[in-house]
Structure formats: structure tokens, C-alpha cells
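Spelled out from the first residue to the last, the chains are:
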Amino acid sequence: MSSELVKRHGHTHYANIPYGYYVLIVSFFYLVFLGVLRIILKPRAAGFNSSKRSRLAQKLYLVNPVVHLPILLVAVLLPFYRHYSISEHATVYIKRLGRLSYALLPLNLLLNLRPNWLLRNNYTYTDLIPLHKWLSRCIIIIAVVHGILFLINWALGESGTLAKKIANPYNLAGVLLFAPLISMIFFSIGPMRRFSYNAFYVIHNLTGISFIFVVAFHARPSVTIPYLLINIAILLWQGFAKFYYAKRTDILSKNTDYQNTNLVNVQLPRMALPDQFEPACHIRISPYSRLHPLYWLYPSHPFTVASLPSDTVVDLIISESHHPKSFKLELGAPYSVINNFDPAVPRSCLEQAKRVAIVCGGSGISFGLPLYRYFKEIHPVEYIQFIWLVKDAYQLKILDKLDTIGLLDGSNDCHAFITRSVDDPNSNQETAPDLEFELESMTQDVVDENGAFVSERDGSPTSKFKFASINLGRRIDWATDLSQFVEPALVDNTWLLTCGPSDLIESGRQYAADNSINFASEIYAL
Ligand SMILES: Cc1cc2nc3c(=O)[nH]c(=O)nc-3n(C[C@H](O)[C@H](O)[C@H](O)COP(=O)(O)OP(=O)(O)OC[C@H]3O[C@@H](n4cnc5c(N)ncnc54)[C@H](O)[C@@H]3O)c2cc1C
């Protein structure tokens, strides 16, 4: 009997291993690049009239995927086609696509760390979510193209090849992965995400986990070392952080005025947060305990802390949706509070700002108020203006519910803009998704002799808080309403901070760009 040694793999079997390491090295340097960007670039806004260079610098600073994704993809694709001829070794390149998608996973998981410990000094995790979204889509598309090309390749081969190849359990695992990957693409598009954020999130998590483990089984040569091990380490860290930094807590009180406004105030015990936290940081809240599977599968809900560390309770200001399925905090039910995530306000602003204007709309008050108090009480600045735009007068009343508002005097620097009359019969109607502020012609003066807002209906004060001015029926006119704000000699320490609907943020950005001042903003959507 003669025995013959048969080669298990062709000579190209290991051809893609160095390429995978290359992608990992690019990922490492890309993270370093992100860190360096925030050191060398200033948080200056760029607008329509700004130079191309300033607009590019802003996109780089803001980790805009339009600029960052091409940088990353060009870097990883540069040596993609090398050495092997595509006509003779097409499968080398098809396999390379698969390896590329898996080798990009560690970077993608790192971009989604909450909080992001790696880039903690320069970024908050919300800065990196848009890039994480687009990189995820790229990874999925590359993986799907890899699968489709293999199926085509087998279908074009000798008869029976396709069935034989799919029957191989390693290949079958890859084919089965199509289902979660394609549903992930479908559920991640904007309208589907808005239709059911929970469904999107569950599919996002399940697809992520199955991709990590199924591909580790499917890929040949193995991707266990180092990719799978790195991915498991990141997942374990994410799981640990979500477990360790969560506290179970009851709600102390919930102040509502549903007849007139959907803006509510929820108070949590002070112990829900650590002794120190940054102004305008946010917490994430889940209705499930850490031992409940849905704590891990469903999204937690981010809410900005409207209090400062010195306060005796933790105030939240929430714009509740009327949708029956939307998340609402209710008295009597315990919640898990995952704390606490830094705001999208750079440290340089909190430490060095000298002139600050804060402009917020609707529930964006939860971002603006703690910053306003911080720049009055903790890090006093030479100029502060606080502008709050609300849809109707009843929303101002939310301030009265806050624990420490009695001690705060806004009669010099707090301005309210009310865009709808108190007597408007539609004043309690659901706002458009983006909080479109409506304008009506109203000029009536509604501030009493103490500076408190007076209801047009019965003459009683609607809000006890003292504003410097109440402006009815008009939007903010940036140049006029902030005419004293910008001092040319101090632009480096001048900050405009905004939070609210995207059109408010964009007009703030334009104003900041026109005046060459620093700009930071937070938007309440991911
Ligand atoms: C950093 C940050 C701070 C926030 N602070 C406040 C605040 O102080 N006050 C306030 O009223 N709102 C705040 N929000 C918004 C608030 O978290 C969402 O409106 C809320 O989670 C929506 O819940 P829902 O069940 O009504 O959503 P759904 O009706 O299911 O979805 C509506 C939309 O809300 C967004 N969304 C839903 N769930 C989440 C989630 N878990 N994470 C992120 N986005 C989600 C999605 O874009 C979705 O399309 C904040 C959001 C962020 C990102």
C-alpha cells in the first residue's frame, strides 16, 4: 500500500495574515491620530463663509465620518491589492475582504466604549458614535460582499461545487451570518431606527455578538489570535463597566403639568451619582436590574444631569414623548442608573473660559442650566449670558420645581424666548420631532415688577424665576441679543455653548464661526 502526502492548503492559504496585522496597526495609529487631533486643533466653529481649511479642520475635530471614514479606508485599502494577480488568485482577495472586515472590529468596538477610557481626556463617547455607526455599516458591507463573491465563485465553478461548499460547516456558518447582517443594515437606516429604537438596538447587539463569535469559527486561517481575544477583552470591559458603574435607585419625585406641557422634572437621590461630576454630564437609565437579560439587550436612556455636585438631589428635565411606547420614568418603580458620562464640553472651556454664552432650546435647559450655574458659582467668568428658547410659557415653570433654583438670580443674565402664546389652544400639542419653534406676533410684556414671568390668562406668576428679559414671539437674533458678548481681544477664551434642535445648533455654530470664537454643542439624539 502506498501512502501519499496531500497538501491541506494551497500556497496562498496564509497570504492574508500580514494584511490583517496591517489593518490592526492602522487601527492603533488611527486612535493615536484621534488623540493628536484634539491636541492640535482648536474647537473653533466653521460656517458657510469660513475657508475650506477651517471647514476641514472642524470636520476633523468633530470626527465627522465624511472626512474620517475616507481617511481610515484609504489607509487600510492602500496595500489591499498586492503581489497576487486578481485573475489567477481572485479568492485571495475575496478572503482578504473577510479578514479586513474582522480586523476592523476591534477599532469599531473601541469607538463604541461608554465612557471611552482610551480617549477620555479629549473626547466624550457621543463624539465617536457617528463614526462608529458608519464604520459598522462599512464592516457589514465588506463582510456581505465577501460572502456574495464566494457564493458567485462557487456557483461559477464545477457543477455541485456550490452545494458541496455550503455543506461545509465552516462555510455554512458564514452563509447563516447573512441574516443578522442584512437585518442590521435594514434596521440601522434612519426611519427604521426612529420607528423602533429598541428593535434596532437589540438587533445591533445580537448581530455584533454573533459576528464576533461566528466569524471566529468560520474564518480560516484562524482569527482567534489576536482579533477574537481583543474583541472578547473589549466586550468584557464593556460588560464590567455597565455592571460596576450602575446603581439601583428609586425616584424621589416627579413634577408634571401634563395639561400644559410635556416638560417634566424628575428627582433622583443625590447618592445616585458620585461625589464629583462634571456640569452637564449625563447618566443612562434602564428600567431593568443588572440581573435582568433586558438590561443587557435593550438600550438605556441618556438624560443630562441638571444639578451640580453641591446639590442635595439630582434633577433631570425631560421632554416626555406622548407616544405610548416611549420611555418614561415613573414614581414607585426602581431604576438602574449608569453614571456618569462627560458632556460634549471640552475641559479647556470649563477651566479657562472667560466669556460664555449658553443658548438652549426646550429640554436643552438640562444642559444649559448646570453650565450657567457652574460659570456663576464655581468658575466665575467675566461675562455670562444664558438664553433659553421655549415653545410656550408653561415650560418656564419647570424651573420652579428644581431643588436649588430659589437661590439663583437670573435678573442680569438670563433671557427667555417664548415662541408661542400661553393662550394658544394648541400649546400642549406634540412638537415636531426636531422641536420646530413656531413664531407668532406677540409683543405683550409679561414680566411683573420682581422680574418674574406673569401668566397672560390669570395674572399669576407662571415662573418664580427672575429673568432679565422675556421675549415673546421671536427667535433669537444672535447679533443683537449677544451684541455685548464678543471681545476681539478675548476670543480664545470666549465660548458659545448650545443644546437643542439641530437648526438652533447650526445657527449658533454659524454665529461662532462669524465671530471666530470657540463652540461646543450637545444634541439629544444619537
Ligand atoms: C447625551 C444625551 C443627553 C440627553 N439628555 C436629555 C435630557 O436631559 N432630557 C431629555 O428630555 N432628553 C434627553 N436626551 C434624549 C433622550 O435620551 C431620548 O429622547 C430618549 O431616550 C428617547 O426615549 P423614547 O423611548 O421616547 O425614544 P423612542 O420614541 O423609542 O425613539 C425616539 C428617538 O430617540 C432616540 N433614542 C431613543 N432611545 C434612545 C437611547 N436609548 N439613546 C439615545 N437615543 C435614543 C432615537 O434617535 C430615536 O429615534 C438625551 C440624549 C442624549 C444622547
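What counts and what doesn't
Here, residues in each chain are numbered from 1, in the same order as that chain's written sequence. Per-residue local features of the predicted model are confined to residues with pLDDT of at least 70, and side-chain atom pairs are confined, for both listing and counting, to 80 or more; whole-chain, interface and lining totals are unaffected and use all residues. Hydrogens are left out, water is left out, and the side-chain values use all remaining heavy atoms of the structure. UniProt positions are given in the numbering used here, feature names are shortened, and annotations may be inferred rather than shown by experiment. In this description a helix means any DSSP run of H or I spanning at least four residues, a strand means any run of E spanning at least two, and both kinds are numbered starting from the N terminus. Proximity criterion: a residue is near a molecule or strand once any of its heavy atoms comes within 4 Å of it. A 3.5 Å cut-off defines polar contacts: any pair of N or O atoms within that distance qualifies, except that in protein one atom must be a possible hydrogen donor and the other a possible acceptor, and neighbouring residues in sequence count only when both atoms are side-chain atoms. Only the protein chains shown count as cover for residues, and the accessible areas themselves come from Shrake-Rupley with a 1.4 Å probe. Amino acid classes used here: Ala, Val, Leu, Ile, Met, Phe, Trp, Tyr, Cys and Pro are nonpolar; Asp, Glu, Lys and Arg are charged; the rest, including Gly, are polar. Delimitation of the domains relies on an automatic or database domain assignment. As used in this record, nonpolar core signifies buried Ala, Val, Leu, Ile, Met, Phe, Trp, Tyr and Cys residues forming a set joined through side-chain atoms within 4.5 Å. Only protein chains enter the calculation, and the probe is 1.4 Å; a residue is then buried if its accessible area is under 20% of its type maximum, exposed if over 50%, and partly exposed in between. Any two residues having at least one pair of non-hydrogen atoms within 4.5 Å are treated as being in contact. A simple way to read buried area is as the amount of 1.4 Å-probe accessible surface that goes missing from two parts once joined, with both sides added. Salt-bridge detection follows one rule: a side-chain nitrogen of Lys or Arg within 4 Å of a carboxyl oxygen of Asp or Glu. For two strands to be treated as a pair, DSSP must find no fewer than two bridges joining them. Only C-alpha atoms enter the line fits that serve as axes; for helices the fit covers just the stretch in contact. Angles between N-to-C directions range over 0 to 180 degrees. Working definition: rings of Phe, Tyr and Trp (its six-membered ring) pair if their centres are within 6.5 Å, and the pair is stacked with planes under 30 degrees apart, edge-to-face with planes over 60 apart, and tilted otherwise. Lysine NZ or arginine CZ positioned within 6 Å of the ring centre and within 35 degrees of the ring normal marks a charge as sitting over the ring. Cysteine sulfur atoms that come within 2.5 Å of each other are treated as a disulfide pair. Think of the arc as the fan of directions from the helix axis to the C-beta atoms.

It is worth spelling out the UniProt feature "domain: Ferric oxidoreductase" in the chain at this point. Listed under "domain: Ferric oxidoreductase" in the UniProt record, and renumbered for this structure, are residues 97–214. Taken end to end, residues 97–214 is 81% helix and 0% strand, and its first and last C-alpha atoms sit 16 Å apart.

Turning our eyes to something else, we now look at the site of the ligand. Taken together, 21 residues lie around the ligand, and Ser 300, Pro 302, Ser 319, Phe 327 and Ser 366 are the ones closest in. Within the backbone of Ser 319, a nitrogen or oxygen atom sits 2.8 Å from an oxygen atom of the ligand. Contact with the protein chains removes 85% of the 870 Å² of surface that the ligand exposes when unbound. Counting only elements with at least two residues in the shell around the ligand, the list comes to helix H10 (190–195), strand S4 (282–286), strand S5 (301–304) and strand S6 (313–319). For the shell around the ligand, the residue count by class is 10 nonpolar, eight polar and three charged. Each of domain 1 (17–244) and domain 2 (247–341) accounts for three or more of the residues forming the shell around the ligand.

For the rest of this paragraph, the subject is the nonpolar core. The biggest cluster of nonpolar side chains holds 61 residues, and the ones touching the most others in it are Leu 34, Tyr 102, Leu 104, Leu 135 and Phe 211. Top element by residues in this core is helix H6 (residues 125–155). It accounts for nine residues. Once you skip the residues sitting within four places of it in the chain, Leu 135 turns out to touch Leu 69, Leu 72, Leu 104, Leu 107, Asn 108 and Leu 111. Of all hydrophobic cores here, the second largest spans 42 residues; its members include Cys 360, Tyr 372, Phe 375 and Ala 393.

The sites that UniProt annotates as "domain: FAD-binding FR-type" are residues 238–370. End-to-end, the C-alpha atoms of residues 238–370 are 28 Å apart, and along that stretch the chain is 18% helix and 36% strand.

Moving on, we come to the domain arrangement of the chain. According to the domain assignment, the chain contains domain 1 (17–244), domain 2 (247–341) and domain 3 (347–522). The distance between the C-alpha centroids of domain 1 and domain 2 comes to 32 Å. Counting from both sides, the interface comprises 14 residues of domain 1 and, opposite them, 11 residues of domain 2. Summed over the three residues of domain 1 that lose the most area to domain 2, namely Tyr 125, Lys 242 and Phe 243, the buried surface amounts to 45% of that side. Counting every contact that joins domain 1 to domain 2 gives zero salt bridges. Contributions of two or more residues to the side of domain 1 that touches domain 2 are made by H6, helix H11 (197–218) and helix H12 (224–244). Per-element accounting of the side of domain 1 that touches domain 2 gives the leading share, six residues, to H11.

All right, on to the pattern of salt bridges then. Opposite charge on two side chains lets them pair, provided their charged atoms get close. Summed over the entire model, instances satisfying the criterion amount to 13 salt bridges. The salt bridge partner of Arg 120 is Asp 342, with a shortest N-O separation of 3.9 Å. Here Asp 342 lies in the loop between strand S7 (335–341) and helix H14 (347–352) and Arg 120 lies in the loop between helix H5 (105–111) and H6, a separation of 222 residues in the sequence. With a shortest N-O distance of 2.8 Å, Asp 311 and Arg 373 are connected by a salt bridge. Separated by 62 residues along the polypeptide, Asp 311 in the loop between S5 and S6 and Arg 373 in helix H15 (residues 365–378) bring together distant segments of the chain. If you follow the salt bridges from partner to partner, you end up with Lys 254, Glu 320 and Glu 330 in one network.

With respect to topology, four strands assemble into an open sheet ordered S1-S7-S4-S5, the strand pairing being antiparallel. Edge positions in the open sheet fall to strand S1 (246–249) and S5, since each of these has one partner strand only. On average, adjacent strands in this sheet sit at an angle of 35 degrees to one another, irrespective of strand direction. As judged from the four bridges shared by S4 and S7, these two strands associate in the antiparallel manner. Bridged to Arg 284 within S7 is Ile 338.

A full pass over the atoms with the stated rule returns 29 aromatic pairs. Ring geometry for Phe 80 and Tyr 93: centres 5.9 Å apart, planes at 45 degrees, overall tilted. Here Tyr 93 lies in helix H4 (residues 90–103) and Phe 80 lies in the loop between helix H3 (65–77) and H4, a separation of 13 residues in the sequence. Assigned by exposure class, Phe 80 and Tyr 93 land together as buried. Arranged with centres 6.3 Å apart and planes meeting at 25 degrees, the rings of Tyr 197 and Tyr 201 form a pair that is stacked. Here Tyr 197 and its partner Tyr 201 are both found in helix H11, four residues apart, which amounts to about one turn of the helix. Judged by its relative accessible area of 32%, Tyr 197 falls in the partly exposed class. For Tyr 201, a relative accessible area of 12% translates into the label buried. If you follow Arg 96 out to its NZ or CZ, it ends over the ring of Tyr 19, 5.3 Å from the centre. Seen from the ring of Phe 243, Arg 290 lies directly overhead, with NZ or CZ sitting 4.6 Å from the centre.

Spatial ordering of the open sheet is given by S2-S3-S6, a layout of three strands whose pairing is antiparallel. Each edge of the open sheet is held by one strand with a lone partner, namely strand S2 (253–257) and S6. The average angle at which neighbouring strand axes cross in this sheet is 15 degrees, direction not considered. Relative to S6, strand S3 (residues 261–269) runs antiparallel, the two being bridged by seven bridges. The partner of Leu 263 across the bridge, within S6, is Ser 319.

Counted under the stated rule, the structure contains zero disulfides. With no disulfide partner, Cys 281 has as its closest neighbouring cysteine sulfur the one in Cys 499, 13 Å distant. No disulfide involves Cys 499; its sulfur sits 6.7 Å from that of Cys 360, the nearest cysteine. Exposure remark for Cys 499: the relative accessible area of 1% places this residue in the buried category.

Let us now look at helix H8 (residues 169–176). Among all positions in H8, only Asn 171, Ala 173 and Gly 174 are buried. An end-on view of H8 places all buried positions within 155 degrees of arc, on one side of the element. As for H8, its buried residues are in contact with H6, helix H7 (161–167), helix H9 (178–188) and H11. At the N-terminal boundary of H8, the capping side chain belongs to Asn 168, with an oxygen 2.8 Å from the backbone nitrogen of Tyr 170.

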